[in-house]
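# Remarks on the overall topology
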Amino acid sequence: QVQLVESGGGLVQAGGSLRLSCAASGSIFSINVMGWYRRAPGKQRDLVATITEGDSTDYADSVKGRFTISRDNAKNTVYLQMNSLKPEDTAVYYCNADVVRAGVEFNVWGQGTQVTVSS
């Protein structure tokens, strides 16, 4: 069984920064794409950023230039550095990963971590 555990959420003032981490554990051969998604109150879950095993990245337009996704393949961990935070970034942030084990790829979600940005 594979688990994703997020950490680093919290309360921050507008203009501040937070760094989210997500570590994958369990029987893992490799991890292809890792990413962060978020769900704001009353809204659907949206893509924030993704990163491939080769470090190719993609960002939602709303976070470009403010957020940076990175990963440490040796630690099976993905990070999200969030700078210049805005109240509209308030959401539950979820980690996602395409995990390969026993020759099969599984899509796995973390439990989510709350990020609250006050104005």
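Reference entry: report on the structure contained in this document.

About the cut-offs
- Residues numbered from 1 in each chain as written.
- Predicted model: local features only at pLDDT ≥ 70, side-chain atom pairs only at ≥ 80, totals over all residues.
- Heavy atoms only, no water.
- Pairing = 2+ DSSP bridges.
- Helix = DSSP H or I, 4+ residues; strand = E, 2+ residues; numbered from the N terminus.
- Axes fitted to C-alpha atoms, helices over the stretch in contact; angles between N-to-C directions.
- Buried < 20%, exposed > 50% of the residue type's maximum accessible area, 1.4 Å probe, protein only.
- Polar contact = N/O pair within 3.5 Å; in protein donor to acceptor, adjacent residues only side chain to side chain.
- Contact = heavy atoms within 4.5 Å.
- Phe/Tyr/Trp six-rings, centres within 6.5 Å; stacked < 30°, edge-to-face > 60°.
- Lys NZ or Arg CZ within 6 Å of the ring centre and 35° of its normal.

With antiparallel pairing, the four strands of this open sheet are ordered in space as β1-β3-β8-β7. A strand with exactly one partner marks an edge of an open sheet, and here the two such strands are β1 (2-7) and β7 (67-72). Across the sheet, the mean angle separating the axes of adjacent strands is 15° when strand polarity is ignored.

This next bit is on the pairing of β7. The alternating pattern of β7 places Phe67, Ile69 and Arg71 on a buried face, while none of Thr68, Ser70 and Asp72, on the opposite face, is buried. Here β7 pairs with strand β8 (residues 77-82) via six bridges, running antiparallel. Bridging from a neighbouring strand, Thr68 pairs with Gln81 of β8. Remark: four residues form the turn of the hairpin made by β7 and β8, two consecutive strands paired antiparallel; Asn76 in that turn has positive phi of roughly 50°.

Quick look at the side chain of Thr113 now. On the secondary structure map, Thr113 appears in strand β11 (residues 113-118). Within polar-contact distance, the side chain of Thr113 engages the backbone nitrogen of Gly9 at 3.4 Å. Sequence-distant contacts of Thr113, defined by excluding residues within four places in its chain, comprise Glu6, Gly9, Leu20, Ala91, Val92 and Tyr93.

Another point: the packing of aromatic side chains. Overall, the coordinates contain one aromatic pair when judged by the stated rule. With a centroid separation of 5.0 Å and 65° between ring planes, the pair formed by Tyr37 and Trp109 is classed as edge-to-face. Of the two residues, Tyr37 sits in strand β4 (residues 30-39) while Trp109 sits in strand β10 (residues 104-109), which places them 72 residues apart along the sequence. Accessibility expressed as a relative area gives 22% for Tyr37, which makes it partly exposed. Over the face of the ring belonging to Tyr79 we find Arg19, whose NZ or CZ atom lies 4.1 Å from the ring centre. Against the face of Tyr94 rests Arg45, its NZ or CZ located 4.8 Å from the ring centre.

For Leu47, the location among the structural elements is in strand β5 (residues 45-51). Taking relative accessible area as the criterion, Leu47 reaches 31% and is therefore assigned partly exposed. Taking C-alpha positions, Leu47 is 14 Å from Met82, a pair spaced 35 residues apart along the chain. With residues up to four places along the chain from it excluded, the contact list for Leu47 reads Trp36, Tyr37, Asp58 and Ala60.

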